[in-house]
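Topology and contacts: notes
In case you want the letters, here they are:
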Amino acid sequence: MDPKFISLLCLGFCLVQRIWAQVGESSLFPGCRDKPKLSAWPGPVIPLRGKVTLQCHSCFDFVKFKVVKKRGTPIPKLQNRLFKNSLTMSPVTAAHAGTYKCSVYYRNTLAWSAYSDPLEILITGVFTKPSIWAYPSPLVNSGGYVILHCRSEVLFGKFILHKEGDSQLSQQISKRLHNGNAGANFSMEPMIPVHAGTYRCYGSHSHSPYEWSAPSDPLELTVTGMYKKPSLLAQPSHVVMSGENVTLHCRSESSFDGYHLSKDGKTHESWLPGVQSHDGAFQGDFPLGPVSPAHGGTYRCYGSFHRSPYEWSYPSDPLHLLVTGTSTSTCLSPTEPSTKTDSHFPHGHPRQLDILIGLSVVSICIVIFFLALVCHWCSTKSTTDASITDREPKEDQTMDDEYLTAEEPEEAIYAQLNHWTLTQRRVTSTSLSPKYSSLEPSIFMGCSEHQAQTQARPCPQVLCTQSITKQEPVSYS
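Residues numbered from 1 in each chain as written. Predicted model: local features only at pLDDT ≥ 70, side-chain atom pairs only at ≥ 80, totals over all residues. Heavy atoms only, no water.

1. Details of unusual backbone geometry
- A cis amide bond links S90 to the next residue, P91, at an omega of -10°.
- Relative to the elements of secondary structure, P91 occurs in the loop between β6 (87–89) and β7 (98–106).
- A cis amide bond links Y135 with the next residue in sequence, P136, at an omega value of 5°.
- Following the sequence through the fold, P136 ends up in the loop between β9 (131–135) and β10 (139–141).
- The backbone phi angle of R49 is positive, close to 65°, even though this residue is not glycine.
- Position of R49 relative to the elements: it lies in the loop between β2 (45–47) and β3 (52–57).
- The phi torsion at L110 lies on the positive side, around 55°, for a residue other than glycine.
- As for its position among the elements, L110 is in the loop between β7 and β8 (119–127). (Helix = DSSP H or I, 4+ residues; strand = E, 2+ residues; numbered from the N terminus.)

Okay, structure coming up:
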């Protein structure tokens, strides 16, 4: 037989065997292609100094595979190196960021496959983290709108928004803000349950798109209005004094797994387990403890189920918690009982209330201190006059009553001091003149009966009189 014919026969048999192997394996794995697929574990977004494992997958049996880096800084260790199962890179640096492809060597055909689709390995933590917040609030009613805003002092070329558990990435070109920072907006309208979740944003430069900043702090975006609203009550009351213990009760007819409390549109506490009360309703208790004016504000509560943690009920009716200052003061007299009057101020203005209370207390202290000084001065002058009178000879203290009666009534200053006002009126010295006088000008003090009755208690109510008269010389009998 001709050797050329034998060679052609063997070549044809090998080609048929290869085609038969590919057709047979393709029938066992529908949808398989000759091109493999490259994957990264735990994911393509890796923190700086972390670890990532690359694997090349194919429907056909292969012996080995190789990985090449198409974009980014070249890695010499990957060139002309073959791997059997997987490739692990640890610790990763900024040089590992880039685009990778893989190819497998088939056992049956003894040939290399085409390269896989590119896989982007993104390294985070190369730059400082940006900030993220939701406008108008991270609690969004179903069908409403919300804008997620990323901002950074670093002038990034773009911002990337990533939702936890989602492989999709949203990217926006950054804009220069008026304050010199860079920022980008991600709009979500209308709000639906699939949009709810935990979000973070990153920043990157255009010249190094695979090197990202550290992730921002997590933002939990929640959709509300999925269930009936609960009710919110305050125990003992929604108007309390500073230092009192207050507990907020969130009650519902639905058997929610957890309850959430928000203050002024921001989540205050979450995932408080619900318990069934005696009347059959379900409720969650939020003890605030001894409250201060900082606890004042507008509260709402929500209910949710564990299977969908980012889907909450309608918010409860708002509860306005008002925390007033203490009712005691060291300036008040211990003998006078203090009274407490409930003041109804507009909700949401605890700072104005504190200022009014502080000004009132300071004013009372100043008035009482002034009254105490007047009382002390009155008592000191009375003691001095009494001592001077005691030192005069008793035999020279006889006066002519008729002469005193004939004199014109002298005028004196009568001062009345009460809690708030200081008034003056003129009185005659007829009722205030003493029965005895001397040749020298005399200074004497007179106090009304009202003062004598109130000596048992301190100021602020004092009623004292002071007169200064000058008598003409009289002769002694």
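2. Considerations on the environment of Y299
- Position of Y299 relative to the elements: it lies in strand β26 (residues 297–305).
- Distance in space between the C-alpha atoms of Y299 and L233 is 9.9 Å, their sequence separation being 66 residues.
- In terms of polar contacts, Y299 uses its side chain to reach the backbone carbonyl oxygen of H295, at 2.7 Å. (Polar contact = N/O pair within 3.5 Å; in protein donor to acceptor, adjacent residues only side chain to side chain.)

3. Some details on the packing of aromatic side chains
- Scanning the model with the defined rule gives 11 aromatic pairs in all.
- With a centroid separation of 5.6 Å and an interplanar angle of 75°, the aromatic rings of F60 and Y106 are classed as edge-to-face. Remark: Y106 occurs in strand β7 and F60 occurs in the loop between β3 and β4 (62–72); sequence separation between them is 46 residues.
- Judged by relative accessible area, which is 6%, Y106 ranks as buried.
- Centre to centre, the rings of F256 and F305 are 5.2 Å apart; their planes meet at 55°, and the pair counts as tilted. You can see F256 sitting in the loop between β21 (245–252) and β22 (258–263) and its partner F305 sitting in strand β26, a full 49 residues away along the chain. No difference in accessibility class separates F256 from F305, as the two residues are buried.
- Among the aromatic residues, those joined into a ring-pair cluster are Y227, F256, Y259 and F305.
- We note K64 situated over the ring of Y105; from NZ or CZ to the ring centre the distance is 5.2 Å. (Phe/Tyr/Trp six-rings, centres within 6.5 Å; stacked < 30°, edge-to-face > 60°. Buried < 20%, exposed > 50% of the residue type's maximum accessible area, 1.4 Å probe, protein only. Lys NZ or Arg CZ within 6 Å of the ring centre and 35° of its normal.)

4. Observations regarding the nonpolar core
- Counting 29 residues, the largest nonpolar core has L54, F65 and Y100 as the members making the most contacts within it.
- Here L54 is in contact with L38, S39, A40, F65, V67, S86, L87, M89, Y100, L119 and I121, once residues within four sequence places are set aside.
- Core analysis: the next-biggest nonpolar cluster, separate from the first, contains 20 residues, V140, L161, A196 and V223 among them. (Core = buried A, V, L, I, M, F, W, Y, C linked by side-chain atoms within 4.5 Å. Contact = heavy atoms within 4.5 Å.)

5. Notes on the sheet that holds strand β1 (residues 37–41)
- Strand order in the open sheet made by the 3 strands is β1-β3-β6, with antiparallel pairing throughout. The outermost strands of the open sheet, each flanked by one partner alone, are β1 and β6. In this sheet, neighbouring strand axes are inclined to one another by 20° on average, regardless of whether the strands run parallel or antiparallel.
- One ladder, built from 5 bridges, connects β1 with β3; its direction is antiparallel. Paired with L38 across the two strands is C56, which belongs to β3. (Pairing = 2+ DSSP bridges. Axes fitted to C-alpha atoms, helices over the stretch in contact; angles between N-to-C directions.)

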